[in-house]
Amino acid sequence: MELSWLGWCLAGALAGIAAGLVPGLHANTLLPIVAALRPEPPELVVALPAFATAHAFTSILPATYLGIPDPEGSLLALPAHQMVAEGQGPRAVRIAVHATFAAVVASVVLLLPAIWLLQEPGRLGASIQSLLPWVLAALALWLLFLGWRKPLANLVCFVLAGLFGLFAARLHPSGLLGPVTPLGPALAGLFAGAGLVAAVVGSASTPPQDDEPLTRRSTRVAGRAAWVGSLAAALLVPVSAATPALVGSLIPARAKERSIAVVAAIGVAHQTLALATLWPTLRPRTGLAAALVPAAEAQPWSGGALPPLLLALLATTLLAALLAHPATLLLGRRIPDLAARLPARGISIAALALLGVLQVGLGGWHGTALFVAGTAIGLVPLALQARRLQLIACLLLPALLRSAGVSF
């Protein structure tokens, strides 16, 4: 039995490492496939967190080296892209990878305290739920405030993304494997599809990169960011799936290393800590948690010792991180040379085509329409020189209205 669990864990981790190298292919795009198949035997369930965790590591590489804007172009550069343009791409990757690994460890350590804090005996989750409309309204105002330099352009993007989220919630995509959540193709278009189109249109060539080891300061930045991101994720898990990116926005973009580390850390920590609310409440907050709902229903837990399956999933998460961490660092040493030689536009076009085919298969024509519409809307912030962060309104506005009791 132990070998079977280990085998599925290794298979999930290897699949996640490979999938993370495909530009724009988010783990949430593939996790519903496994969930829809209702995997048997039960040991296969451990492949899900292994896949999602390993994907979080290697997806750092295409996110760093693809879609670098032209210096005179209209695209807004992310901190990692800025470091690549300065010849510091390997440094950006190492910071993100170390922060991700530290955040996995921190989130596993914090999972049980988070359960105590949010459920019993702390019951903070119930307090957060009662204040949820106000919390989400504050997050929406913060999101709009971030665009104060171009208020009209950012307001247009916020409203457009929010209305798109409300519209998507009313559809019921269904593909080859049955019904899927409309947020899957919608978010794939808003972020992955639009990002790949932008990479095709405006990618600059990758300049020569300096492969220098991290300084002690950079290592400390990654470590601190991991704990800050994990603590923030523990408190914000019950609020919204949009909160990790919003917390990352608190870090000034000019503090590039800190910004990269915090965003990487809080993303993977939120993914792991979402299990803290899934098991007691069966309310998924992430794509990984949604895929694990059947497992949580099969082995429920409401107090006392953690269920064996949850402990196995946490062990799988750690093992996948131990595998993906050195694998990503090794691949990261070779990616800069490949990025300089391979046609970035050709890679982005191929990835965009693959993503489109997946939407057709998973979501049918409804899902494909959502993906195409999301891609078009995702390009609006780039055209208006607004912040792409405004696209989070696709999640935030529906959650705000739902928490206020408004039906749509």
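Because the structure is a prediction, the values reported are computed rather than measured.

**Focus: the overall build of the chain**
Looking only at helices and strands, one finds 20 helices and two strands in the chain. Relative to its full complement of 408 residues, the chain shows a buried share of 50%. Only carbon and sulfur atoms are counted for the fraction: they give 70% of the accessible area of the chain, which is about 18000 Å².

**Section: helix α13 (residues 256-273)**
An ideal rise of 1.5 Å per residue puts 26 Å on 18 residues; α13 measures up with 26 Å between its terminal C-alpha atoms. The element α13 is extensively covered by neighbouring structure, given that 14 of its 18 residues are classed as buried.

**Remarks on the packing of helix α8 (residues 132-145) against helix α20 (residues 393-403)**
Closest axis-to-axis distance for the α8/α20 pair is 9 Å, and the angle between their directions is 150°. Relative to α20, the element α8 lies roughly antiparallel. Remark: the crossing between α8 and α20 carries left-handed chirality. Residues L132, P133, L136, A137, L139, A140 and L143 of α8 touch α20, and the partners they reach there are A393, L396, A399, L400 and S403. In terms of residue class, the contact of α8 with α20 is built from 11 nonpolar, one polar and no charged.

**Details of the side chain of T286**
Relative to the elements of secondary structure, T286 occurs in the loop between α14 (275-281) and α15 (287-291). Residue classification places T286 among the buried positions, given a relative accessible area of 16%. Within polar-contact distance, the side chain of T286 engages the backbone nitrogen of A289 at 3.1 Å. Contacts of T286, omitting those with residues within four sequence positions, involve H270, Q271 and A274.

**Details of the environment of L21**
Its location among the elements puts L21 in the loop between α1 (2-20) and α2 (27-36). A relative accessible area of 35% places L21 in the partly exposed class. Separated by 310 residues in the primary sequence, L21 and L331 place their C-alpha atoms 9.6 Å from one another. Discounting residues that sit within four places of it in the chain, L21 has contacts with T58, L61, P62 and L331.

**Remarks on the packing of helix α6 (residues 89-118) against α13**
Viewed as axis vectors pointing N to C, α6 and α13 meet at an angle of 35°, and their least axial separation amounts to 7 Å. Taken as a pair, α6 and α13 cross one another with a handedness that is right-handed. Its residues assigned to classes, the contact of α6 with α13 shows 17 nonpolar, three polar and two charged.

**Some thoughts on α6**
Counting along an α-helix, one turn takes 3.6 residues, and residues three or four places apart therefore face a common direction. Bending of α6 peaks at approximately 45° at the position of L111, with proline P113 no more than four residues after it. With 21 of 30 residues buried, α6 is to be regarded as a mostly interior element.

**Brief notes about unusual backbone geometry**
Here the phi dihedral of Q385 falls at roughly 60°; this positive angle occurs in a residue that is not glycine. Checked against the element boundaries, Q385 lands in the loop between α19 (380-384) and α20.

**Concerning the pattern of salt bridges**
In this structure the tally under the stated criterion is two salt bridges. Among the salt bridges present, the one from K256 reaches E86, with a minimum N-O distance of 3.7 Å. Taken together, the positions of K256 in helix α13 and E86 in the loop between α5 (79-85) and α6 put the pair 170 residues apart, joining distant regions of the chain. Given a relative accessible area of 48%, E86 falls into the partly exposed group. The partner of E257 in a salt bridge is R91, and the shortest N-O contact between them spans 2.7 Å. Separated by 166 residues along the polypeptide, E257 in helix α13 and R91 in helix α6 bring together distant segments of the chain. Residue classification places E257 among the buried residues on the basis of a relative accessible area of 14%.

**Focus: the nonpolar core**
Ranked by size, the top nonpolar core spans 81 residues in total, and within it L31, L111, L273, L278, W279 and L292 carry the most contacts. In this structure L111 touches T272, L273, L275, A276, L310 and L314, once residues within four positions along its chain are discounted. In terms of nonpolar packing, the next biggest core, distinct from the first, is built from 23 residues, A161, A186, I392 and A393 among them.

**Quick word on the side chain of T328**
Mapped onto the secondary structure, T328 falls in helix α17 (residues 308-341). Relative accessible area serves as the criterion here: at 0%, T328 is assigned to the buried category. Sequence-distant contacts of T328, defined by excluding residues within four places in its chain, comprise F57, T58, L61 and V97.

**A look at a positive patch on the surface**
Residues R216, R220, R224 and R258 make up a contiguous surface patch of positive charge. Structurally, R258 is set in helix α13.

**Regarding the confidence of the model for the chain**
Scored by pLDDT, the chain has a mean of 80; 84% of the residues are at 70 or more. In this model, residues 70-76 is a region of pLDDT below 50 whose contacts with residues beyond four sequence positions or in other chains number 12 contacts.

**Topic: the environment of V268**
Here V268 lies in helix α13. Overall, the relative accessible area of 3% leaves V268 in the buried class. Sequence separation between V268 and F101 is 167 residues, and the spatial gap between their C-alpha atoms is 8.8 Å. Every residue in contact with V268, bar those within four places of it in the chain, is listed here: A56, T100, A103 and V104.

**Points about the environment of S130**
In this fold, S130 is placed in helix α7 (residues 124-130). Residue classification places S130 among the exposed residues on the basis of a relative accessible area of 52%. Sequence separation between S130 and S403 is 273 residues; the distance between their C-alpha atoms is 9.0 Å.

Conventions adopted
- Residues numbered from 1 in each chain as written.
- Predicted model: local features only at pLDDT ≥ 70, side-chain atom pairs only at ≥ 80, totals over all residues.
- Heavy atoms only, no water.
- Helix = DSSP H or I, 4+ residues; strand = E, 2+ residues; numbered from the N terminus.
- Buried < 20%, exposed > 50% of the residue type's maximum accessible area, 1.4 Å probe, protein only.
- Areas by Shrake-Rupley, 256 points an atom, 1.4 Å probe, with all protein chains shown as cover.
- Expected span 1.5 Å × (residues − 1).
- Axes fitted to C-alpha atoms, helices over the stretch in contact; angles between N-to-C directions.
- Parallel < 35°, antiparallel > 145°, perpendicular 65-115°, else oblique.
- Left-handed = near helix turned anticlockwise from the far one by under 90°.
- Contact = heavy atoms within 4.5 Å.
- Nonpolar A, V, L, I, M, F, W, Y, C, P; charged D, E, K, R; others polar.
- Polar contact = N/O pair within 3.5 Å; in protein donor to acceptor, adjacent residues only side chain to side chain.
- Bend = angle between axes of the 7 residues up to and from the residue.
- Salt bridge = Lys/Arg side-chain N within 4 Å of Asp/Glu carboxyl O.
- Core = buried A, V, L, I, M, F, W, Y, C linked by side-chain atoms within 4.5 Å.
- Patch = residues over 30% accessible without salt bridge, like charges linked within 9 Å, V, L, I, M, F, W, Y side chains within 5 Å.
- Lys, Arg positive; Asp, Glu negative; His and termini not counted.
- Charge placed at Lys NZ, Arg CZ, Asp CG, Glu CD.
- pLDDT = per-residue confidence, 0-100.

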